Amino acid sequence: MTSKTPRELSGPLSMNELTSVFVPIQPGKDMVGLELEKFAVDAAGRPLPVLGPRSLRTILEILARDHRWKPEREGDWIIALHRNGDTISVEPGGQLELSTAPDLTIDRAMAAEREHLDVLAEITGGWGLIWCAGGMHPIARLDDVAWIPKRRYLIMRDYLAGTGDLSHWMMKMTASLQVSIDYKDEVDAALKLGVIARLAPILTAISAASPLSQGQPNGFQSFRSNIWSHTDPARCGLPKCYFKKSFSFKDYAEYALDVPMFFIERNGVSLPAAGRTFRKFLEEGLNGHTARLDDWKRHLTFLFPEVRLKQYIEIRSCDRQPGLLSFAVAVLIKSLVYSPQTLAEACVSLKPLTY
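Caption draft 1: Molecular detail of the layout of surface pockets. If you add up the space inside the second largest pocket, you get close to 360 Å³. As for the second largest pocket, its lining consists of 17 residues, of which R198, F243, K244, K245 and K351 are closest to the centre. Among the elements that make up the lining of the second largest pocket, the one with the highest residue count is helix α6 (residues 186–206) (5 residues). For the lining of the second largest pocket, the residue count by class is 10 nonpolar, 3 polar and 4 charged.

Set out below in structure tokens:
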């Protein structure tokens with residue numbers, strides 16, 4: 001997963017520029033942010049339509065019109081809504097995701113999700129829907145779920161079709177809980193990444209909530225996790241660099257440089273990258289375009305490891321769970337990583353675990 005022979009970069013961006021995007025903006029704030037995905041399921045187990053009077057599009061338009069959410073559009077389609085640091089976005093299969101603003105407490109995320117669900121119940125009252133918080137759609141078949149008409153999702157769909165036999169299941173059928181945590185500096189990031197990477201399988205196990213698919217037991221406690229293990233190995237799983245004795249931001253950059261790209265954006269248009277790695281993009285360009293720092297930042301958001309590095313750490317190993325359970329997982333993670341003594345003890349205990 002990491003570059004086998006790291007070498008000097010050629011092209012318009014230096015390694016210092018590439019690693020600068022990992023320097024935290026407000027180091028050591030000990031904040032927590034959550035991303036909470038969910039499905040709408042009707043009485044017959046069918047997914048919510050994308051278009052029509054009772055549809056996902058109708059919900060998004062009402063949220064923008066009546067509930068003070070600022071819409072972000074692609075053409076005439078709302079692809080995200082923003083308010084007070086929170087974001088509502090739509091995943092490729094119509095999963096609705098609430099991303100909460102970073103906060104010192106998890107209470108704020110709970111309150112935001114509670115209000116979000118209350119508003120959804122108000123909008124869809126009489127539609128016969130259940131908002132399902134689980135690791136995957138429990139009843140629908142893959143072909144029952146429509147693709148969200150977002151160009152980048154269609155590019156991803158076409159590319160990922162050749163990288164894993166369950167990649168479209170990942171895009172359309174899964175729902176996760178993601179927990180984001182802060183780090184102080186490169187040393188603190190290395191410590192937290194090493195611990196969380198080694199705990200990733202345990203976090204998957206204790207949050208497992210996807211034993212049903214297509215209306216039947218599927219033989220797994222977390223079928224969502226199994227789906228991810230059959231999706232593009234170049235960008236999924238755990239980067240080996242997290243297990244190095246001396247991890248640096250450069251190690252993660254070297255890993256990311258050799259992951260194939262989905263697309264670049266120029267003048268609001270998504271241009272497929274045909275699987276070219278970012279390293280090749282730096283060296284050779286793409287259709288006359290040279291690499292820019294915003295290309296790099298976008299590329300990093302389309303890496304899907306169990307634990308992802310940005311200017312904070314995203315923990316992505318958990319099924320979405322119902323009720324308070326998603327928040328309990330977040331409390332566990334927060335208690336582990338923000339207690340210096342607990343984190344140090346965890347590091348010692350888990351160090352023997354290899355990749």
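Caption draft 2: The pairing of strand β2 (residues 70–74), seen in detail. Looking at chain direction, β2 and strand β3 (residues 77–83) are connected through 5 bridges and run antiparallel. Residue K70 lies in a different strand from β3, and its bridge partner there is H82. A loop of 2 residues connects β2 with β3, the two strands running antiparallel in sequence, and G75 in this loop sits at a positive phi of about 65°.

Caption draft 3: Up close: the packing of helix α11 (residues 325–337) against helix α12 (residues 340–350). Interhelical geometry of α11 versus α12 gives an angle of 90° and a closest axis separation of 6 Å. What the angle tells us is that α11 and α12 run roughly perpendicular. Along its contact with α11, which presents S335, L336 and V337, the element α12 presents T342, L343 and A346. Residues that form the contact of α11 with α12 fall into these classes: 4 nonpolar, 2 polar and no charged.

Caption draft 4: Molecular detail of the pattern of salt bridges. Counted under the stated rule, the structure contains 26 salt bridges. Where E113 meets R320, a salt bridge forms, and the shortest distance between an N and an O atom there is 3.2 Å. With E113 in helix α3 (residues 107–124) and R320 in the loop between β15 (313–319) and α11, this residue pair connects regions lying 207 residues apart in the sequence. Considered together, E113 and R320 belong to a single accessibility category, that of buried residues. The shortest N-O distance in the salt bridge between E265 and R152 comes to 2.6 Å. Remark: R152 occurs in helix α4 (residues 151–160) and E265 occurs in strand β11 (residues 263–266); sequence separation between them is 113 residues. Among the ionic contacts, a cluster of salt bridges with common partners joins R152, E265, R266, R292, D294, D295 and R298.

Caption draft 5: Examining the side chain of R198 more closely. Looking at the element boundaries, R198 is found in helix α6. Separated by 3.0 Å, the side chain of R198 and the backbone oxygen of G194 make a polar contact. Reaching out from R198, the side chain makes a polar contact with the backbone oxygen of L350 at a distance of 3.2 Å. Those residues in contact with R198 that lie beyond four places of it in its chain are Y242, F243, L350, K351 and L353.

Caption draft 6: Spotlight on empty space enclosed by the protein. Here the structure, examined in full by the defined rule, presents 3 cavities of 30 Å³ or more. Surrounding the largest cavity, F39, A40, P47, L48, L56, G93, G94, Q95, W131, H137 and V145 form its lining. Residues of the lining of the largest cavity, tallied by class, amount to 7 nonpolar, 4 polar and no charged. Estimates place the volume of the second largest cavity at around 70 Å³. Lining the second largest cavity we find L63, H67, W69, R83, D86, I88, L98, A112, E115, H116 and V119. Within the residue set of the lining of the second largest cavity, elements represented by two or more residues are β4 (86–90) and α3. Tallied by class, residues from the lining of the second largest cavity come to 6 nonpolar, 2 polar and 3 charged.

Caption draft 7: Broad picture of the side chain of E35. Its location among the elements puts E35 in strand β1 (residues 32–42). In contact with E35, not counting residues within four places along its chain, are E97, L98, S99, S176, L177, Q178 and E314.

Caption draft 8: Representation of the packing of α6 against α12 in the model. Packing of α6 against α12 leaves a shortest axis separation of 10 Å and a crossing angle of 55°. Taken as axis vectors, α6 and α12 run oblique relative to one another. The two elements α6 and α12 cross, and the hand of that crossing is left-handed. On α12, the residues that touch L191, K192, V195, R198 and L199 of α6 are L343, A346, C347 and L350. Among the residues forming the contact of α6 with α12, the class breakdown is 7 nonpolar, no polar and 2 charged.

Caption draft 9: Focus on α6. If you check α6, its first and last C-alpha atoms are 29 Å apart, about what 21 residues at 1.5 Å a residue would give, namely 30 Å. At A200, α6 shows its maximal kink, close to 50°; a proline, P201, follows between one and four residues later. With a side-chain oxygen positioned 3.2 Å from the backbone nitrogen of V187, the residue opening α6 is D185.

Caption draft 10: A nonpolar patch on the surface, seen in detail. On the surface, a cluster of nonpolar side chains totalling about 270 Å² of accessible area is made up of I202, I206 and L332. Among the structural elements, I206 can be located in helix α6. Among the residues examined, I206 registers a relative accessible area of 46% and is labelled partly exposed.

Caption draft 11: Representation of the environment of M171 in the model. Within the secondary structure layout, M171 lies in helix α5 (residues 167–173). It is 5.6 Å that separates the C-alpha atoms of M171 and P92, two residues lying 79 residues apart in sequence. Residue contacts for M171: discarding those within four places in its chain leaves P92, G93, Q95, W147, Y153, M156, R157 and L160.

About the thresholds
Residues numbered from 1 in each chain as written. Predicted model: local features only at pLDDT ≥ 70, side-chain atom pairs only at ≥ 80, totals over all residues. Heavy atoms only, no water. 1 Å grid on protein atoms, 1.4 Å probe; cavity = no way out; pocket = protein on both sides within 12 Å on 5 of 7 lines; lining within 4 Å. Points joined across faces, edges and corners; volume = space filled by probe spheres on them. Helix = DSSP H or I, 4+ residues; strand = E, 2+ residues; numbered from the N terminus. Nonpolar A, V, L, I, M, F, W, Y, C, P; charged D, E, K, R; others polar. Pairing = 2+ DSSP bridges. Axes fitted to C-alpha atoms, helices over the stretch in contact; angles between N-to-C directions. Parallel < 35°, antiparallel > 145°, perpendicular 65-115°, else oblique. Contact = heavy atoms within 4.5 Å. Salt bridge = Lys/Arg side-chain N within 4 Å of Asp/Glu carboxyl O. Buried < 20%, exposed > 50% of the residue type's maximum accessible area, 1.4 Å probe, protein only. Polar contact = N/O pair within 3.5 Å; in protein donor to acceptor, adjacent residues only side chain to side chain. Left-handed = near helix turned anticlockwise from the far one by under 90°. Expected span 1.5 Å × (residues − 1). Bend = angle between axes of the 7 residues up to and from the residue. Patch = residues over 30% accessible without salt bridge, like charges linked within 9 Å, V, L, I, M, F, W, Y side chains within 5 Å. Areas by Shrake-Rupley, 256 points an atom, 1.4 Å probe, with all protein chains shown as cover.

Coordinates in, geometry out; function isn't part of it.
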